[in-house]
Amino acid sequence: MDKLHLDPETFVDQFNKLDQIYAAIDQAYTDVASQYGFHCSGCEDNCCLTRFYHHTFLEYFYLLKGYRGLERPQQIEIREKAEKVCSALREADSNTDGAPIRLMCPLNFDGLCCLYHHRPMICRMHGLPHELRRPDGRIIQGPGCAYLEQHHGKNTTVSFDRTSFYQNMVRLEKELRLMIQADTQIKMTVAEMILAF
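Q: How do you make sense of unusual backbone geometry when you look at a structure like this?
A: Most of the time, phi is negative for any residue but glycine, and the peptide bond is trans. With a phi angle near 55 degrees, aspartate 110 is a residue other than glycine that sits in the positive phi range. Taking relative accessible area as the criterion, aspartate 110 reaches 83% and is therefore assigned exposed. Despite not being glycine, glutamine 181 shows a phi value in the positive range, around 55 degrees. Take glutamine 181: its relative accessible area is 64%, and that puts it in the exposed class.

Q: When you look at the nonpolar core in this model, what are you seeing that I'm missing?
A: The tendency in soluble globular proteins is for nonpolar side chains to be buried as a group. Grouped together as the largest cluster of nonpolar side chains are 50 residues, with contacts concentrated most on Phe61 and Phe160. The element best represented in this core is helix H1 (residues 12–36), accounting for 10 residues. When neighbours within four sequence positions are excluded, phenylalanine 61 is seen to be in contact with Lys3, Leu4, Leu6, Pro8, Phe11, Phe15, Leu176 and Ile180.

Q: Could you clarify how one ought to interpret the pairing of strand E3 (residues 130–133) in this entry?
A: Put simply, side chains in a regular strand alternate between the two faces of the sheet. Note that E3 and strand E4 (residues 139–142) share 4 bridges and pair antiparallel. Bridge pairing links leucine 132 to isoleucine 140 in E4. The loop that links E3 with its antiparallel partner E4 comprises 5 residues; one of these, glycine 137, has a positive phi angle of about 95 degrees. With 2 bridges connecting them, E3 and strand E5 (residues 160–161) associate as parallel partners. When the sheet's bridge partners are listed, glutamate 131 is paired in E5 with aspartate 161.

Q: Sorry if this is basic, but what is going on with the pattern of salt bridges here?
A: Side chains that differ in sign of charge can pair as their charged atoms come close. The tally for this structure, following the rule as stated, stands at 9 salt bridges. The salt bridge involving glutamate 173 is made with arginine 177; its shortest N-O contact spans 3.0 Å. Of the two residues, glutamate 173 and arginine 177 are both situated in helix H6 (residues 163–180); the distance of 4 residues between them amounts to about one turn of the helix. By the burial criterion, glutamate 173 is buried, and arginine 177 matches it.

Thresholds, definitions, all that
Residues numbered from 1 in each chain as written. Predicted model: local features only at pLDDT ≥ 70, side-chain atom pairs only at ≥ 80, totals over all residues. Heavy atoms only, no water. Buried < 20%, exposed > 50% of the residue type's maximum accessible area, 1.4 Å probe, protein only. Core = buried A, V, L, I, M, F, W, Y, C linked by side-chain atoms within 4.5 Å. Helix = DSSP H or I, 4+ residues; strand = E, 2+ residues; numbered from the N terminus. Contact = heavy atoms within 4.5 Å. Pairing = 2+ DSSP bridges. Salt bridge = Lys/Arg side-chain N within 4 Å of Asp/Glu carboxyl O.

Below, the structure written as structure tokens:
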């Protein structure tokens, strides 16, 4: 997809707005997490082992910007890890038993994300009980991660409301899509994004 090879420096204004969205997400996350006394410091359930799909050009280009800021040897190492992850996922997807596969994100080094500042939205929001208010008024609720449930049970009373963050992200993504004249959707893991860089 030729749109994926645009220069991320083209999107400075959009990245500034994205930084504001991310800062608001991080603050709201911290506020809810503090009510549970929850501090993520890694666990067996590690969300970096989860196959998350990302659907915005905006986050793709933002991650690319961060990746380009790394030293060349680290870029090469990340790319090699991404190739292994994508290969293993393809193999798992062709397996008919449907068993889930958990592979470490290629950006994870010694338990830490090497592009933490540039990590996508879902990486920022995972872990807390959450809710999303749909336009039709329905509320979709989701549980916290296994670690939080283990320590607080499933009857958590405070939810992380993701609604406004998704709304703001959609508006900003529409702005960027109009700018680059993109009429296609993307659905990529971080590993797939890295290989597309």
